[in-house]
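Coordinates in review
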Amino acid sequence: EEEAEVSAGGVVGAWALAALWMGRSSETLTDVDLSCNGVLDDGAAVLSEALQSLLGLLQLDLSNNNLQAAGATAMAQALSGMHKMVSLNLSNNNLQAAGATAMAQALSGMHKMVSLNLSNNNLQAAGATAMAQALSGMHKMVSLNLSNNNLQAAGATAM
């Protein structure tokens, strides 16, 4: 198993990583930590294409990257085919309801997921409702963090 912890630095770093991974089908890289790199939405769009080739990816950490709805939508496209993933950390971004809705569609096929961290993303009630539908098929989930998301009564009820 391989792990990659990269201090890439925003969009420029995202381009460098994308060039490294692009076109390579990797079953051996299982853990990618890109936390605290300032990836932003533009970097997420670049990384999403490259991540699609990492077929063996089990754990992905994109926390603290200031991803918003556009970045979440781009990453959701990459994640939608990653049915082996067991751990995803998107905490401390700003996905909001629109980003959570896009991410929920990708997560709905991840039945092996055991740990999901979406804390501090301002998901609100609409995002929580979309996420609740995706989580309903995740029977192996043991850790779910939705703290500090302004879920409101409707979002809490949906969860």
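Residues numbered from 1 in each chain as written. Predicted model: local features only at pLDDT ≥ 70, side-chain atom pairs only at ≥ 80, totals over all residues. Heavy atoms only, no water.

Here's the deal with the overall build of the chain
For the record, the criterion: Working definition: helices are DSSP H or I runs of at least four residues, strands are E runs of at least two. Numbering for both runs from the N terminus. Three exposure classes are used, based on accessible area relative to the maximum for each residue type with a 1.4 Å probe and protein chains only: buried under 20%, partly exposed in between, and exposed over 50%. By definition in these notes, contact holds between two residues if any of their heavy atoms fall within 4.5 Å. All accessible areas in this document rest on Shrake-Rupley with a 1.4 Å probe, and a residue is counted as covered only by the protein chains that are shown.
Helix and strand counts for the chain come out as six helices and six strands. Order of helices (α) and strands (β) in the chain, N terminus to C terminus: β-α-β-α-β-α-β-α-β-α-β-α. Counting across all 159 residues of the chain, residues that qualify as buried make up 51%. If you take every contact in the chain between residues at least 6 apart in sequence, the share linking residues at least 24 apart comes to 89%. Carbon together with sulfur atoms contributes 51% to the accessible area of the chain, which is approximately 7,100 Å² in total.

Some words on helix α4 (residues 96-107)
Where we set the bar: Multiplying one less than the number of residues by 1.5 Å gives the expected span of a helix.
With twelve residues, α4 extends 16 Å from end C-alpha to end C-alpha; this agrees with the ideal 16 Å at 1.5 Å per step. All of the buried residues in α4 are Ala97, Gly99, Ala100, Ala102, Met103, Ala104, Ala106 and Leu107. Residues of α4 that are buried make contact with α3 (69-79), β4 (87-89), β5 (115-117) and α5 (124-135).

Considering α5
Taking 1.5 Å of rise per residue, twelve residues should cover 16 Å, and α5 covers 16 Å from first to last C-alpha, within 8% of that figure. Residues of α5 that are buried in the fold lie against α4, β5, β6 (143-145) and α6 (152-158).

Quick word on the packing of helix α2 (residues 40-51) against α3
The line we're drawing: Interaxial angle, 0 to 180 degrees, is taken between N-to-C directions of lines fitted to C-alpha atoms, where a helix line uses only the stretch in contact. In these notes the angle categories are as follows: under 35 degrees is roughly parallel, over 145 is roughly antiparallel, 65 to 115 is roughly perpendicular, and the rest is oblique. Each residue gets one of three labels, nonpolar for Ala, Val, Leu, Ile, Met, Phe, Trp, Tyr, Cys and Pro, charged for Asp, Glu, Lys and Arg, and polar for the others, Gly among them.
For the pair α2 and α3, the least separation of the axes is 8 Å and the interaxial angle reads 0°. One element, α2, and the other, α3, form an angle in the roughly parallel class. Of the residues in α3, those touching α2 at Asp41, Ala44, Ala45, Ser48 and Leu51 are Ala70, Gly71, Ala74, Met75 and Ala78. Residues belonging to the contact of α2 with α3 are distributed by class as follows: seven nonpolar, two polar and one charged.

Considerations on the nonpolar core
Put simply, the test is: Residues belong to a common nonpolar core when they are buried Ala, Val, Leu, Ile, Met, Phe, Trp, Tyr or Cys residues joined through side-chain atoms within 4.5 Å.
The biggest cluster of nonpolar side chains holds 41 residues, and the ones touching the most others in it are Leu60, Leu79, Met85, Leu88, Met103 and Leu107. Among the elements of the structure, β2 (29-33), α2, α3, α4 and α5 are those that each provide at least two residues to this core. With six residues, α4 is the largest single contributor of residues to this core. Ignoring sequence-local partners within four residues, the contact set of Leu79 consists of Leu60, Met85, Leu88, Met103, Ala106 and Met110.

Some points on the pairing of β2
Our working definition: For two strands to count as paired, DSSP must find a minimum of two bridges between them. Handedness of a crossover is defined as follows: orient the strands so they point away from the viewer, and if the path from the first strand over the helix to the second runs clockwise, the crossover is right-handed.
Within β2, five of the five residues are buried, which leaves it mostly tucked inside the rest of the structure. Where β2 lies against strand β3 (residues 59-61), three bridges are found, and the strand directions are parallel. When the bridges of β3 are listed, Val32 appears paired with Leu60. Tracing the backbone out of β2, into α2 and back to the parallel element β3 gives a crossover that is right-handed.

A short note on the side chain of Asn93
As a reminder of what qualifies: Counted as a polar contact is a pair of N or O atoms within 3.5 Å, where, for protein atoms, one must be capable of donating a hydrogen and the other of accepting one, and residues adjacent in sequence contribute only when both atoms are in side chains.
Residue position: Asn93 is located in the loop between β4 and α4. You can call Asn93 buried: its relative accessible area is 8%. In terms of polar contacts, Asn93 uses its side chain to reach the backbone carbonyl oxygen of Leu62, at 3.1 Å. A polar atom in the side chain of Asn93 sits 2.9 Å from the backbone nitrogen of Leu67.

Observations concerning the environment of Asn94
Checked against the element boundaries, Asn94 lands in the loop between β4 and α4. The contacts of Asn94, once residues within four sequence positions are left out, are Leu67, Gln68, Ala69, Asn121 and Asn122.

A word on the side chain of Asp41
Along the chain, Asp41 falls in helix α2. Apart from the residues lying within four places of it in its own chain, the contact partners of Asp41 are Asn66, Leu67, Gln68, Ala70 and Gly71.

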